[in-house]
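Read off the chains here:
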Amino acid sequence: MLSIIQAAGWPIWPLIACSILALALIFERFTALKTARVAPPALLDEAISVSSRGLPSEEVVNQLSQSSALGEVLATGLRTLRNHPDSNEEEVRAAMEGAGRAAAHKLEKYLSALATIASAAPLLGLLGTVIGMIEIFGSQSGASATGGGNPAQLAQGISIALYNTAFGLMVAIPALIFWRYFRARVDGYLLGMELACEKFVRHLARTSLGGK
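Now for a description of the structure that goes with this document. (Residues numbered from 1 in each chain as written. Predicted model: local features only at pLDDT ≥ 70, side-chain atom pairs only at ≥ 80, totals over all residues. Heavy atoms only, no water.)

## Let's talk about the pattern of salt bridges
Heads up, the rule is: By salt bridge we mean one thing: a side-chain nitrogen of Lys or Arg within 4 Å of a carboxyl oxygen of Asp or Glu. Only runs of H or I of at least four residues qualify as helices and only runs of E of at least two qualify as strands under DSSP, and these elements are numbered from the N terminus. Exposure classes here rest on a 1.4 Å probe applied to the protein chains alone. A residue is buried below 20% of its type maximum, exposed above 50%, and partly exposed in between.
Counted according to the given criterion, the structure contains 10 salt bridges. The closest approach of N and O atoms between R79 and E58, which form a salt bridge, is 3.8 Å. In this pair, R79 sits in helix α6 (residues 69-83) while E58 sits in helix α5 (residues 58-67), placing the two residues 21 residues apart along the sequence. Across the pair R82 and E58 runs a salt bridge whose closest N-O atoms are separated by 3.2 Å. Within this pair, whereas R82 is found in helix α6, its partner E58 is found in helix α5, the two being separated by 24 residues in sequence. Overall, E58 belongs to the partly exposed group, its relative accessible area being 33%. Linked through salt bridges whose partners overlap, the residues forming this network are E89, E90, R93, E198 and R202.

## Focus on unusual backbone geometry
If you check the backbone angles, Y110 has positive phi at about 70° while not being a glycine. Taking the relative accessible area as the measure of exposure, Y110 reaches 34% and is therefore partly exposed.

## Topic: the nonpolar core
Formally: In this text, buried Ala, Val, Leu, Ile, Met, Phe, Trp, Tyr and Cys residues form a nonpolar core when linked through side-chain atoms within 4.5 Å. A contact between two residues is defined here by any heavy atoms of the two lying within 4.5 Å.
Of all hydrophobic cores here, the largest spans 46 residues; its most connected members are L70, L74, M96, M193 and F200. Counting residues per element, this core draws most heavily on helix α9 (residues 151-206), at 13 residues. Apart from residues no more than four positions distant in its own chain, M193 is found in contact with V38, A69, L70, V73, A103 and L107.

## Focus: the packing of aromatic side chains
In plain terms, the rule: Between the rings of Phe, Tyr and Trp (Trp by its six-membered ring), a pair exists once the centres lie within 6.5 Å; its type follows the angle of the planes, with under 30 degrees stacked, over 60 edge-to-face, and the other angles tilted.
Inspection of the entire model under this criterion finds 5 aromatic pairs. Within the aromatic cluster, the residues linked to one another by ring pairs are F30, F178, Y181 and F182.

## As for α6
Put simply, the test is: To estimate how far a helix should reach, multiply one less than its number of residues by 1.5 Å. Polar contacts here mean pairs of N or O atoms no more than 3.5 Å apart (in protein, one a potential hydrogen donor and the other a potential acceptor; neighbouring residues in sequence count only if both atoms are side-chain atoms).
Compared with an ideal rise of 1.5 Å per residue, which puts 15 residues at 21 Å, α6 spans 21 Å between its outermost C-alpha atoms and is within 8% of the ideal. When you tally the buried positions in α6, you get 11 out of 15 residues, the bulk of the element. N-cap assignment for α6: the residue whose side-chain oxygen lies 3.1 Å from the backbone N of G71 is S68.

The values are spatial; any link to function lies outside them.
Below is the structure:
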């Protein structure tokens, strides 16, 4: 690997930095986008159960908020009713929608950076290719005066061109695949959270809101 890096020349170092950053972002998103940390399957039923006979205590609401992203949104609706008992259904829904937008922002964190790496890596590889071609043409122009070629410089130029092109694609393709995977995962979570919140608001309208 070290010999490949040496053969590719200095243009490969930005690509190595992009690959390390992309790998770190992928591991971070895999951890952050676990179902248990975003929208546990049984959380909505538990929230409906604890609020079916009235508003739960502040401690229960805090536990709900800290459980997951969906729990934080549901807890916002309960806090709105606790802090403003005269709130109507639309006010509770608006508060939960605001919390949902904040949760969506957290779920989409670093996805734009991963997409940027997927777009920039081929361009960095192309830059290395162009630099390698410059090396090749430089060796040929320098050799024209003596009537011979410079095999070492020619080989170096070809190595820079090919290695950087290949490495740029090796970084861009996985980054693009994982970006699309995480993007689809986030969209699925957001749809599920939206449906859960709507169901929870209707539940609160039947119980705590008392038909306001």
